[in-house]
Every structure is written in C-alpha cells, then in structure tokens.
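Descriptive analysis of the structure
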Amino acid sequence: QVQLVESGGGLVQAGGSLRLSCAASGRTFSSYHMGWFRQAPGKEREFVAAITWSGGLTHYADSVKGRFTISRDNAKNTVYLQMNSLKREDTAVYYCAADKAWEQIHTEKSDYWGQGIQVTVSS
C-alpha cells in the first residue's frame, strides 16, 4: 500500500513558476514509477509527466514539454513537478500517481493516487 500526499499548489501569475511535491508513505517508494496528472474544470484527467523508479527516464505530455520537469528523491520518498512558464491553460487539479508498470503510470489505471492539489494560473 502506498499513500500519496501532494503539496505546493496555489495561485500564480502567468509566466510564473511553482513546484509541486508528492510525499509517499511506505518503504517501497523506490520500487514505483511515479506520474503526475491534471484535471481542468469540465475536462477529463490527463497525463502530464512520469519518471521511472530510478529516475533514469522521464516522459512528458507535449503540452508541458520544455516547461515542466519531473524529478524524485528516493531518500525522501518524494516526487516533484517543477512548473515554469505557467499558462492559464495549466490551471487544474494536479494529482500524483504510483505504479510498478511503466506503461500503466501513463494511464488512469495507475494503482495509487493522491487526493489532488489545485493550481491556478491567472493572467
């Protein structure tokens, strides 16, 4: 069992930056691939970024490539999402997810989810 808690959200102006954190419980964090998703009002939840258990490979949605960076610190059981050059369309509830299957961490079928945290980008 893995419990995930996101933090670091809030209100930011367009062009600004935020760093989200996702703290995981349990001693097996380093065996899980981790992902970030987001859900904007009236839209389905979508994949944002993923990182392998070792941190050696990352993958991004085209909409955030070059602006967002996913990273992890296995010693701290935490995964991060650094968001730069934020746009109004980045406004959403952001969720972190954990799964042992790399293919699955990109999808709604990921095993574990956080409760989500709001990010609002104002113009």
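Please read all numbers here as calculations on a predicted model, not as lab measurements.

**Things to note about the state of the cysteines**
- Within the structure shown, the criterion is met by 1 disulfide.
- Two residues share a disulfide in this structure: cysteine 22 and cysteine 96, whose sulfurs sit 1.9 Å from each other. Between cysteine 22 and cysteine 96, the S-S dihedral sits near 45°, and the bridge is therefore right-handed. Here cysteine 22, found in strand β3 (residues 18–24), pairs with cysteine 96, found in strand β9 (residues 92–99); they are 74 residues apart in sequence, far enough to count as distant.

**A word on the pairing of strand β8 (residues 78–83)**
- β8 sits mainly inside the fold: 5 of its 6 residues count as buried.
- One ladder, built from 6 bridges, connects β3 with β8; its direction is antiparallel. Bridging across to β8, arginine 19 finds its partner in glutamine 82.
- Direction of pairing for strand β7 (residues 68–73) relative to β8: antiparallel, over a ladder of 6 bridges. Bridging from a neighbouring strand, threonine 69 pairs with glutamine 82 of β8.
- Once β7 ends, the chain turns through 4 residues before running back antiparallel as β8, passing asparagine 77 with a positive phi of about 55°.

**Quick notes on the pattern of salt bridges**
- Tallied over the entire structure, the rule returns 5 salt bridges.
- Ionic pairing is found between glutamate 46 and arginine 38, a salt bridge with its closest N-O pair at 2.7 Å.
- We classify arginine 38 as buried; its relative accessible area is 5%.
- With a closest N to O distance of 2.9 Å, arginine 38 and aspartate 90 form a salt bridge. Placement of the pair is arginine 38 in strand β4 (residues 33–39) and aspartate 90 in the loop between β8 and β9, with a sequence separation of 52 residues. Here the two residues arginine 38 and aspartate 90 agree in accessibility, since each one is buried.
- Among the charged side chains, a network of salt bridges with common partners joins Arg38, Glu46, Arg67 and Asp90.

The rules behind these values
- Residues numbered from 1 in each chain as written.
- Predicted model: local features only at pLDDT ≥ 70, side-chain atom pairs only at ≥ 80, totals over all residues.
- Heavy atoms only, no water.
- Disulfide = S-S within 2.5 Å.
- Helix = DSSP H or I, 4+ residues; strand = E, 2+ residues; numbered from the N terminus.
- Buried < 20%, exposed > 50% of the residue type's maximum accessible area, 1.4 Å probe, protein only.
- Pairing = 2+ DSSP bridges.
- Salt bridge = Lys/Arg side-chain N within 4 Å of Asp/Glu carboxyl O.

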